[in-house]
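Given next are the chains, with one letter for each unit.
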Amino acid sequence: MKIAISSGGPDLNGPLDPRFGRAAGFVIFDLETGAHEFVDNTQNLTLAQGAGIQAAQNVAATGAKAVVTGHVGPKAYKALSHGGIGVFLGAGGSIQELVEAYKAGTLQEAAGPDKEGHW
């Protein structure tokens, strides 16, 4: 299974980017093999609206079944949920620490968005 973690870059020791739709990108981590890649999301940084939906589509295209991020708005949450992608919010620490927390089951799945749109 793959998970996506909002990130400012590809470094596993780098921090979580708390923004979902406007994150610089996502580290896609394969929990079975340990392989990871960085998927760029910079095309969404300047969008007036729709960044969360576009980011959700980018994540879905990777085959990830869960997203770990700091915050997510209502449209992005709906798009992720519709795609069968679980959302885990409020996480902090390095990308590697978040992978380990996800594996350990210590991250809580969100029941809905935690931000208004366009924040």
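Bear in mind that the values here come from a model prediction, so they are computed numbers and not experimental data.

Enquirer: Just to check I follow, could you spell out the pattern of salt bridges for this structure?
Expert: The tally for this structure, following the rule as stated, stands at two salt bridges. Arginine 19 serves as the salt-bridge partner of aspartate 17, at 2.9 Å between the closest nitrogen and oxygen. Using a relative accessible area of 35% as the deciding quantity, one classes arginine 19 as partly exposed. Between lysine 103 and glutamate 100 there is a salt bridge, with its nearest N and O atoms 3.7 Å apart. Of this pair, lysine 103 and glutamate 100 both sit in helix α3 (residues 95–104), three residues apart, roughly one helical turn. Of the residues examined, lysine 103 reaches a relative accessible area of 45% and is grouped as partly exposed.

Enquirer: Explain the sheet that holds strand β4 (residues 64–68) to me, please; I cannot follow it from the model alone.
Expert: The strands that make up a sheet are held in pairs by hydrogen bonds between backbone atoms, and each pair lies either parallel or antiparallel. A sheet is described by the order of its strands in space; here five strands give the open sequence β3-β2-β1-β4-β5, paired in mixed fashion. Each having just a single partner strand, β3 (36–40) and β5 (86–88) make up the two edges of the open sheet. Averaged over all pairs of adjacent strands, the angle between strand axes in this sheet comes to 25 degrees, irrespective of strand direction. Here strand β1 (residues 2–7) pairs with β4 via four bridges, running parallel. The residue bridging isoleucine 5 from the neighbouring strand is valine 68, located in β4. Packing of α3 onto the sheet brings it into contact with β1, β2 (25–30), β4 and β5, and relative to β1 it is tilted by some 145 degrees.

Enquirer: Would you mind showing me how to read the pairing of β4 here?
Expert: For a regular strand, side chains alternate in direction, first toward one face of the sheet and then toward the other. β4 sits mainly inside the fold: four of its five residues count as buried. Judged from the three bridges that link them, β4 and β5 form a sheet pairing that is parallel. Following the sheet pairing, alanine 66 is matched in β5 by glycine 86.

The rules behind each value
- Chains are numbered independently. Their residues run from 1 in the order of the written sequence.
- Residue-level local features of this predicted model are given only where pLDDT is at least 70; pairs of side-chain atoms are given and counted only at 80 or more, and the full residue set underlies all totals for whole chains, interfaces and linings.
- Heavy atoms throughout the structure, all of them, feed into the side-chain values; hydrogens and water do not.
- By definition, a salt bridge exists where a carboxyl oxygen of Asp or Glu is found within 4 Å of a side-chain nitrogen of Lys or Arg.
- Three labels apply to residues, based on accessible area from a 1.4 Å probe with only protein chains included: buried if under 20% of the type maximum, exposed if over 50%, partly exposed otherwise in between.
- Each helix corresponds to a stretch of at least 4 residues labelled H or I by DSSP, and each strand to a stretch of at least 2 residues labelled E; elements are numbered beginning at the N terminus.
- Pairing between strands requires that DSSP locate at least two bridges from one strand to the other.
- Helix axes are fitted only over the stretch in contact, all axes being lines through C-alpha atoms; the angle between N-to-C directions runs from 0 to 180 degrees.
- Pairs of residues are marked as contacts when any of their non-hydrogen atoms sit within 4.5 Å.

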